[in-house]
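As a plain string of letters, each chain reads:
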Amino acid sequence: YDIDTKKVEAEVHDLAHGTQFTPTSVVTGGSDLEVVKDSSVIIITAGARQKPGQTRLDLAGVNARIMSTLVPELLEQAPNAVLVLVTNPCDVLTVVAQKVSGLPVNRVLSTGTLLDTSRLRWAIAQRAGVSLSNVHAAMFGEHGDTEFPIWSSASIAQIPIRDWTDTDGQRVFSEEVLATIAHDTIHAAYSIIEGKGATNYAIGLAGARLVEAILGDQRKVCLLYTSRCV
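Note that the structure is predicted; figures quoted are calculated from it, not measured.

Participant: I tried to follow the overall build of the chain on my own but got confused; where do I start?
Facilitator: Counting its regular elements, the chain contains seven helices and nine strands. Its C-alpha atoms give the chain a radius of gyration of 19 Å, within 12% of the compact-globule value 17 Å for 230 residues. Along the longest, intermediate and shortest principal axes, the C-alpha atoms of the chain span 60 × 40 × 35 Å. Relative to its 230 residues, the chain shows a buried fraction of 40%. In the chain, once contacts between residues fewer than 6 apart in sequence are set aside, the share between residues at least 24 apart is 64%. When the accessible surface of the chain is split by element, carbon and sulfur atoms take 53% of a total near 13,200 Å². Side chains of the chain carry 19 positive and 25 negative charges; the gap between the two charge centres is 3 Å.

Participant: Where do I start with a nonpolar patch on the surface in this structure?
Facilitator: On the surface, Tyr1, Ile3 and Val35 cluster together into a nonpolar patch covering about 300 Å² of accessible area. Mapping Tyr1 onto the fold places it in the segment before helix H1 (5-16).

Participant: Is there a simple way to explain the environment of Ile43 in this structure?
Facilitator: Tracing the backbone shows Ile43 in strand S1 (residues 41-44). Look at Ile43 and you get partly exposed, because its relative accessible area is 35%. Sequence separation between Ile43 and Leu109 is 66 residues, and the spatial gap between their C-alpha atoms is 9.7 Å. Residue contacts for Ile43: discarding those within four places in its chain leaves Val84, Val86, Gly207 and Val211.

Participant: In this structure, what is going on with the pattern of salt bridges? I would like to understand it.
Facilitator: Side chains bearing opposite charge may pair, as long as their charged atoms lie close to each other. Applying the stated criterion to the full structure yields six salt bridges. For Lys7, the salt bridge is made with Glu11, and the minimal N-O distance between the two is 3.1 Å. Taken together, the residues Lys7 and Glu11, both in helix H1 and four residues apart, mark about one turn of the helix. For Glu11, a relative accessible area of 37% corresponds to the partly exposed category. With a shortest N-O distance of 3.6 Å, Asp163 and Arg171 are connected by a salt bridge. Residue class for Asp163 comes out partly exposed when judged on its relative accessible area of 39%. What makes Arg171 exposed here is its relative accessible area of 59%.

Participant: Is there a simple way to explain the side chain of Asn88 in this structure?
Facilitator: The topology assignment puts Asn88 in the loop between strand S2 (82-85) and helix H3 (90-101). A polar side-chain atom of Asn88 sits 3.5 Å from the main-chain amide nitrogen of Cys90. For Asn88, the residues in contact, after removing those within four places along its chain, are Gln50, Arg56, Leu59, Asn63, Leu93 and His143.

Participant: Please explain helix H7 (residues 201-215) as it appears in this structure.
Facilitator: For H7, which comprises 15 residues, the first-to-last C-alpha distance of 21 Å matches the rise-based estimate of 21 Å (1.5 Å per residue) to within 8%. For H7, the complete set of buried residues consists of Ile203, Ala206, Gly207, Leu210, Val211 and Ala213. Mapping the buried residues of H7 onto a view down its axis gives an arc of 160°, with all of them on the same face. Along H7, exposed side chains directed more than 90 degrees from the buried face belong to Tyr201, Leu205 and Leu215. Tucked inside the fold, the buried residues of H7 contact S1, S2, strand S3 (108-110) and helix H4 (114-128).

Parameters at a glance
Position labels on residues start from 1 in each chain and follow its written sequence. For a predicted model such as this one, the threshold for reporting local features is a pLDDT of at least 70, and the threshold for listing and counting side-chain atom pairs is 80 or more; totals across whole chains, interfaces and linings nevertheless cover every residue. Think of the side-chain values as coming from all heavy atoms in the structure, minus any hydrogens and water. Secondary structure elements are taken from DSSP: a helix is a run of H or I of four residues or more, a strand is a run of E of two residues or more, and numbering for both begins at the N terminus. The globule rule is 2.2 Å times the number of residues to the power 0.38, and the radius of gyration it is compared with is taken over C-alpha atoms. Buried residues are those whose accessible area, probed at 1.4 Å on protein chains only, stays under 20% of the maximum for their type, while exposed residues exceed 50% and partly exposed ones sit between those limits. Contacts are assigned to residue pairs that have any heavy atoms within 4.5 Å of one another. All accessible areas in this document rest on Shrake-Rupley with a 1.4 Å probe, and a residue is counted as covered only by the protein chains that are shown. The charged-residue count follows a simple rule in which Lys and Arg add positive charge and Asp and Glu add negative charge, with His and chain termini not counted at all. Here the site of a charge means atom NZ of a Lys, CZ of an Arg, CG of an Asp or CD of a Glu. The patch calculation keeps residues exceeding 30% relative accessible area without a salt bridge and links them within 9 Å when they carry like charges or within 5 Å when they are nonpolar (Val, Leu, Ile, Met, Phe, Trp, Tyr). Criterion for a salt bridge: a side-chain nitrogen of Lys or Arg within 4 Å of a carboxyl oxygen of Asp or Glu. Counted as a polar contact is a pair of N or O atoms within 3.5 Å, where, for protein atoms, one must be capable of donating a hydrogen and the other of accepting one, and residues adjacent in sequence contribute only when both atoms are in side chains. To estimate the expected span of a helix, count its residues, drop one, and scale the result by 1.5 Å. By construction, the arc corresponds to the directions joining the helix axis to the C-beta atoms.

Right, dumping it as structure tokens:
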């Protein structure tokens with residue numbers, strides 16, 4: 001669903017044309033809100049775009065007003081849906097959406113630091129020269145400038161990250177290196193926005209993975225955000 005009819009129809013066709021190569025066979029959409037009728041999960045991305053130099057919190061006012069209007073309208077069409085907030089600042093807007101909707105907290109959540117954790121693990125894997133699947137680390141806190149990694153629980157193939165060595169026996173992750181990785185992870189979106197105007201691919205993948213876990217009741221442990229945390 002999108003209020004821009006021409007754009008949303010083009011997006012539907014562009015996605016539908018690739019369904020030969022995916023398990024999905026049907027893609028629908030439009031500018032009439034009824035396209036979300038009876039949805040099981042609704043991912044909300046509506047809101048002002050973050051501009052170069054802006055923080056996510058700079059978007060809070062305008063996007064909170066959008067949520068206050070949009071969320072009740074969505075629930076009229078899909079009263080049993082789980083709402084997943086991607087619009088930034090997603091942690092703040094999760095609270096807004098939950099209060100506006102009156103839904104229980106387990107039905108209103110955001111992607112939280114799911115994407116940030118993926119960015120962190122990628123950076124560690126690149127530095128160590130290992131498969132990303134062997135990296136175990138996470139970002140905590142808000143999806144924003146105050147998030148942080150917990151290095152004491154970070155590991156590579158069960159080896160604490162501070163003990164990881166290269167082929168010469170030299171430790172790879174000094175405190176300086178860890179600080180650089182944390183900084184780069186926290187500020188990753190800013191550099192991407194400056195370069196291409198927005199982040200879209202990685203957050204799209206993160207959101208899709210989250211929906212798979214919800215619909216499949218996969219009992220995955222994800223670093224999400226719900227209004228229960230407030």
